[in-house]
Amino acid sequence: MAEALPAADGTDGGGELAGLVACPTCDVLHRLSEVPPGATARCRRCGTVLLAPRDSALTRIVMLAGTALVLMVAAVFFPFLELQVAGLSRRSSLFDAVMAFSSGLMLPLSFAVAALIILLPLFRFAALIYALGPMAIGWRPAPRAETAFRLAELTKPWAMAEIFIVGVAVALVKVAGLAKVTLGPAFWALVALVIVTVLKDNFMCRLSVWKTLEERRAT
Amino acid sequence: MSAVGMENAGRTQGYLTAHRAGLIGCSSCGRVQRPGPARCVRCGGPLAGRDPGSLQRVWAWLLAGMVVYIPANVYPMLLTSTLGRTTENTIVGGVIELFDHGSWGVALIVFVASVVIPIGKFIAIAYLALSVRSAVVIRGHGRQRLYEVVEFIGRWSMIDVFVVAILAALVQLQFVATINPGIAAVSFALSVAFTMLSAQSFDPKSIWDAYEADDT
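Just so you know, these numbers come straight off a predicted model, no measurement behind them. (Residues numbered from 1 in each chain as written. Chains lettered and ligands numbered in written order. Predicted model: local features only at pLDDT ≥ 70, side-chain atom pairs only at ≥ 80, totals over all residues. Heavy atoms only, no water.)

## Structural notes on the overall build of chain B
Tallying secondary structure elements over chain B gives seven helices and six strands in all. Along its sequence from the N terminus, chain B presents helices and strands in the succession β-β-α-β-β-α-α-α-α-β-β-α-α. Here chain B holds 216 residues, and 53% of them are scored as buried. Once local pairs closer than 6 in sequence are excluded, the contacts in chain B between residues at least 24 apart make up 62%. Only carbon and sulfur atoms are counted for the fraction: they give 65% of the accessible area of chain B, which is about 9,700 Å². (Helix = DSSP H or I, 4+ residues; strand = E, 2+ residues; numbered from the N terminus. Buried < 20%, exposed > 50% of the residue type's maximum accessible area, 1.4 Å probe, protein only. Contact = heavy atoms within 4.5 Å. Areas by Shrake-Rupley, 256 points an atom, 1.4 Å probe, with all protein chains shown as cover.)

And the structure:
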């Protein structure tokens, strides 16, 4: 079938092949015409979303990632939950939750929890700002922006702040019979962060970002 | 609304894949390129036409995940001491306790996240890995959907680990009540991580390749 393709002369062919998109899920080739903002292009065979450009998506993603970064800092440093029972009270921060496994054998789990709920989300926001920020204000992409964006996409399943929030809710129900629990500002910061992250992912169209990165890099 | 396909796309199936065209499509950015370089020209991600080691990694991570899921259920997840009395709770024990307290909704969430999802995931990944290269079992769309669900839902099993972390951090009131994490928390976290890696190792393109197997 190779004869059906342009520039089958074995040379670079970069310009020609750049107009094609292979579905990342099922590998079917598509030649995409301009997809207008707001529209969605799906793979003909498996239905995976290929392109879903949105108006000024880059700017919005960078803004939301910046917001999330600030919220995460607040979530780490403000008190998270306060427990009161029989005159005793204990205030704990997100950091205490991370250090819960720090005794003996379970220390590695502490590192893992820190990575999943704090470090990886922070890293992703920073990487997105680094990779897309310059392009959002019309500059050329920063050096190694591709690596930053690729790592941000790679670590996406491992950033689990939203799962942590559900965990907090379950934990609250478990201790509700035992003691009175007050939610601190850090809890609400984390809730806001989850909402901001969801909004950000809605604007994110992986393939358009890659196309834009490549085009801006070339000029 | 629609992607404009190649006009002279296919003889048999009507779909021309990058693989059949003698090209490689990047799995992370969709860029089409000629085989040769090991890394994508656009995103720098690893390029592999069809990775023969993919299924092996799927099975290896899956087995590792199943093995560590056993101690996760046998050993205690939570050690609760109230007024000098210590009780140990396994995953299922914790669910039963929540259920006894009348918190049915939360009991259901924990049960689904820590029992139904992990076991369902073992079965689903094994099924996907076994049914690769057969176009008959369920149509590609069904398996594609199954794969998406597995990838999306797997991480939510981590809930129970976080619950333990929060409880252990919060409930440290000397004699009145203390909660400490049990060793099962570690094996459960590992089990979730291993099955996530297993699902990520699976190449969804192999689901669709079955349709072309008779044609190459």
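## A few points about the environment of B:Ala165
As for its position among the elements, B:Ala165 is in helix α5 (residues 159-170). Spatially, the C-alpha atoms of B:Ala165 and B:Ala185 are 8.9 Å apart, while their sequence positions differ by 20 residues.

## Focus on the state of the cysteines
Residue and element names in this part refer to chain A. Going through the model one piece at a time under the given rule, you end up with zero disulfides over all chains. Free cysteine: cysteine 26, not disulfide-bonded; nearest cysteine sulfur from cysteine 43 at 3.6 Å. Take cysteine 26: its relative accessible area is 0%, and that puts it in the buried class. Of the cysteine sulfurs around cysteine 46, a residue in no disulfide, the closest is that of cysteine 23, at 3.6 Å. Overall, the relative accessible area of 9% leaves cysteine 46 in the buried class. (Disulfide = S-S within 2.5 Å.)

## Quick word on the interface of chain B and chain A
Taken together, the contacts link 80 residues of chain B with 76 residues of chain A. A buried area of about 6,800 Å², summed over both sides, lies between chain B and chain A, and 70% of it is on carbon and sulfur atoms. Put simply, B:Arg155 and A:Glu162 hold a salt bridge, and the shortest N to O gap is 3.0 Å. Where chain B touches chain A, the interface holds nine residue pairs in polar contact (both at pLDDT 80 or more). Element by element, the count of residues in the side of chain B that touches chain A is highest for α5(B), at eleven residues. Considered class by class, the residues forming the side of chain B that touches chain A number 47 nonpolar, 22 polar and eleven charged. (Buried area = accessible area lost by both parts, 1.4 Å probe. Salt bridge = Lys/Arg side-chain N within 4 Å of Asp/Glu carboxyl O. Polar contact = N/O pair within 3.5 Å; in protein donor to acceptor, adjacent residues only side chain to side chain. Nonpolar A, V, L, I, M, F, W, Y, C, P; charged D, E, K, R; others polar.)

## Let's talk about the pairing of strand β5 (residues 81-85) of chain A
All names here are of chain A. Counted residue by residue, β5 has four buried out of five residues, so it is predominantly covered. In this structure, β5 lies alongside strand β6 (residues 88-92), joined through five bridges in antiparallel fashion. Bridged to leucine 81 within β6 is serine 92. Between β5 and the antiparallel strand that follows it, β6, lie two residues; alanine 86 among them carries a positive phi value of about 45 degrees. (Pairing = 2+ DSSP bridges.)

## Focus: helix α4 (residues 107-136) of chain A
All names here are of chain A. The terminal C-alpha atoms of α4, which comprises 30 residues, lie 41 Å apart, in line with the 44 Å expected from a rise of 1.5 Å per residue. Along α4, the helix axis deviates most sharply at alanine 115, where the bend reaches about 50 degrees. With its phi angle positive at about 85 degrees, glycine 138 sits one or two positions after the end of α4. (Expected span 1.5 Å × (residues − 1). Bend = angle between axes of the 7 residues up to and from the residue.)

## Comments concerning the sheet that holds strand β4 (residues 85-89) of chain B
All names here are of chain B. Taken in spatial order, the four strands line up as β4-β3-β6-β5 in an open sheet, and their pairing is antiparallel. The outermost strands of the open sheet, each flanked by one partner alone, are β4 and β5 (172-173). The sheet contact formed by β5 and strand β6 (residues 177-181) spans two bridges and is antiparallel. Among the inter-strand pairings, leucine 173 is bridged to a residue of β6, identified as alanine 177. Against the sheet, α5 touches β3 (78-82), β5 and β6, its axis set at about 140 degrees to β6. (Axes fitted to C-alpha atoms, helices over the stretch in contact; angles between N-to-C directions.)

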